[in-house]
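Observations on the model geometry
Here's the letter readout for the chains.
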Amino acid sequence: MLPPTGAIWEGSVTDTAYEPLTTESLAARLGGIKAITDKLGTDTAAWQAKEVGDGNLNLVFIVHSPAGAVIVKQALPYVRLVGDAWPLPLKRAFFEYNALIRQAERDPGSVPEVYHFDEDQALIVMEFLSPHVILRHALMAGKKHPGLARRMGEFCARTLFRGSDLCMDTARRKADAALFLDNVELCDITENLVFSDPYFDAEMNHHTPGLDELVAQMRADTDLKIAAQDMKARFANNAETLLHGDLHTGSIMVSDDETRVIDPEFATYGPIGFDIGMLIANFFMAYYAMPGHIGDGAARADYQEWILGVIAEIWQVFEAEFSRLWREERTGILYQKSLFEDQGDLLGAEQALARYMRHIFRDMLGFAGVEIIRRTLSLAHIAENDTIEDEALRARCEGRGLRLGRALLVGRGGFAGLGSVLELAREIERRDWT
Ligand code: SR1
Ligand code: MG
């Protein structure tokens, strides 16, 4: 397998002292680092390392000792999902580290605490979250998490507002934009896998066979292709804020009373609607996948409504928190208070906010549409669908997602509010499409 069409990074990573960790070498190699021995103790013979990475790119170890536990995440010089035929630079760990420390500052308690970063080894040692599980797994198990939507709405509002020109001073904002501009190869993955590959017969694409007819229709759909490219242009050309860059339900960990966001290695400056659009897309896909996970009709309907409620609350909390920050922390170079509030023009500030929010809403729907389509037709799919063994049932679930994805993407400017989006999602689920 090769890098996707148009991928631009073909180098190798042999010019540093970099060496991937193994469960055997880990204690000897990290046992002299105080930030780690502070957590695990100095008796490295008592450390136990287990490799648990199930993502597409990296090594992830849980290291336990009688004194505590940490996570050690190390980038590999290639895409783990595909193998060493697709090289990928180690510097993504640098961007992940820089994103994590900014997210911790902008929304305290939202991400794991970082204990140690080694740029040459592309490794981050961070807080072990327990008893947290990956949200995607909790959704497949039909588990409800009461604080999840509020926390994700706050996370999106705080990180996206506070990383933007609405809040930051010009020097720091431009320095950050320049720093993250170098995350070229991960942006390149997104640009290809998310916005282009699904719309033609790209090499690494795959889809459930029962979707052949619908996929052919979509690839012949000019309005859809143009809409996807319009969203790609929004992503590539609008450095509005520092994005997480890959905010799906596999990048969130939950316990009964806590929600944390992990894995911001795709961090880049981009449009505010991108993260929140990706996030709600993943909830919509989980909604449609439920016939593959919950057999009982009433229990399934109840859980599906809970998922739609999560989407509604994320947007409602995002809107409220973003509006609060607009009113209280608008200290950056855009929509300055000197033009509005300081002139007694409070209404003007509110009018500008309402307009800005409509633009985020529209982008959010467009990005949600491309995310649903790419997770069904491109390289990287979602476990909620992949674990449905009955192919006909999987095609049923994914086909509904694709229909919603198209409607959101092409129709992103025509929805009156989130209520009508949710009603459309329900109607697509109810209808017999055969
Ligand atoms: C080759 S990487 C494929 C996908 O995995 C990551 O989690 C991102 O979502 C990326 O698009
Ligand atoms: Mg990831």
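Our subject is the structure that appears above.
All chains use their own residue numbering, which begins from 1 and follows the written sequence. Whichever chain is written first becomes A and whichever ligand is written first becomes 1, with later ones labelled in order. Reporting of local features is limited, given that this is a predicted model, to residues whose pLDDT is at least 70; pairs of side-chain atoms are given and counted only at 80 or more, and all residues count toward the totals for whole chains, interfaces and linings. Just so you know, side-chain values use all the structure's heavy atoms and leave hydrogens and water out.

If a single non-hydrogen atom of a residue is within 4 Å of a molecule or strand, that residue counts as near it. Near ligand 1, the surroundings consist of 13 residues, among which Asn 56, Asp 246, Phe 266, Arg 374 and Arg 375 are the closest. For this analysis, a polar contact is any N or O atom pair within 3.5 Å, provided that within protein one partner can donate a hydrogen and the other can accept it, and provided that sequence-adjacent residues contribute only side-chain to side-chain pairs. Side-chain polar atom of Asn 56 to an oxygen atom of ligand 1: 2.6 Å apart, as the coordinates give it. Here Arg 375 contributes a side-chain N or O atom positioned 3.0 Å from an oxygen atom of ligand 1. Accessible surface is estimated by sampling points in the Shrake-Rupley manner with a 1.4 Å probe; for residues, cover comes only from the protein chains shown. Contact with the protein chains hides 95% of the accessible area of ligand 1, taken as 320 Å² for the molecule alone. When atom positions are compared with the pocket grids, ligand 1 is found to occupy the largest pocket. The pocket and cavity definitions rest on a 1 Å grid over protein atoms only: a 1.4 Å probe that fits but cannot leave marks a cavity, an open set with protein on both sides within 12 Å along at least five of seven lines marks a pocket, and residues lining either have an atom within 4 Å of a point. The way we define it, a molecule is inside a pocket or cavity when more than half of its atoms are within 2 Å of that pocket's grid points.

Right, let's talk about the layout of surface pockets for a bit. Over the atoms, a rolling probe the size of a water molecule traces out where space has been left empty. The space that makes up the largest pocket amounts to roughly 1200 Å³. Lining the largest pocket are 48 residues; nearest its centre among them are Asp 54, Gly 55, Asn 56, Gly 250 and Asp 263. Elements with a minimum of two residues in the lining of the largest pocket: strand 2 (58-65), strand 3 (68-75), strand 7 (123-127), strand 8 (133-134), helix 4 (135-140), helix 7 (184-193), helix 12 (346-377) and helix 13 (383-386). Grid points are joined across faces, edges and corners, and a volume is the space filled by probe spheres set on the points. The calculated volume of the second largest pocket comes to roughly 320 Å³. Contributing to the lining of the second largest pocket are 15 residues, with Gly 210, Ala 395, Arg 403, Trp 433 and Thr 434 lying nearest its centre. Of all the secondary-structure elements, those providing two or more residues to the lining of the second largest pocket are helix 8 (212-219) and helix 14 (391-410). A run of DSSP states H or I qualifies as a helix once it reaches four residues; a run of E qualifies as a strand once it reaches two. Both are numbered from the N-terminal end.

In this section: helix 8. A simple rule labels every residue: compare its accessible area, found with a 1.4 Å probe on the protein chains alone, to the largest value its type can have, and call it buried under 20%, exposed over 50%, or partly exposed in between. Turning to helix 8, its buried residues number three or more, namely Leu 214, Val 215, Met 218 and Arg 219. Taken down its axis, helix 8 places every buried residue within 130° of arc, on the same side. Residues are treated as being in contact if the distance between any of their heavy atoms lies within 4.5 Å. Elements in contact with the buried residues of helix 8: helix 9 (222-237), helix 12 and helix 14. For this quantity, the arc is that covered by the directions from the helix axis to the C-beta atoms.

Below, the discussion takes up unusual backbone geometry. Residue Ser 130 is joined to Pro 131 through a cis peptide bond whose omega torsion reads 15°. Within the fold, Pro 131 resides in the loop between strand 7 and strand 8. Here the phi dihedral of Asp 263 falls at roughly 65°; this positive angle occurs in a residue that is not glycine. Of note, Asp 263 is situated in the loop between strand 11 (259-261) and strand 12 (268-270). The phi torsion at Tyr 335 lies on the positive side, around 50°, for a residue other than glycine. Along the chain, the position of Tyr 335 falls in the loop between helix 11 (297-328) and helix 12.

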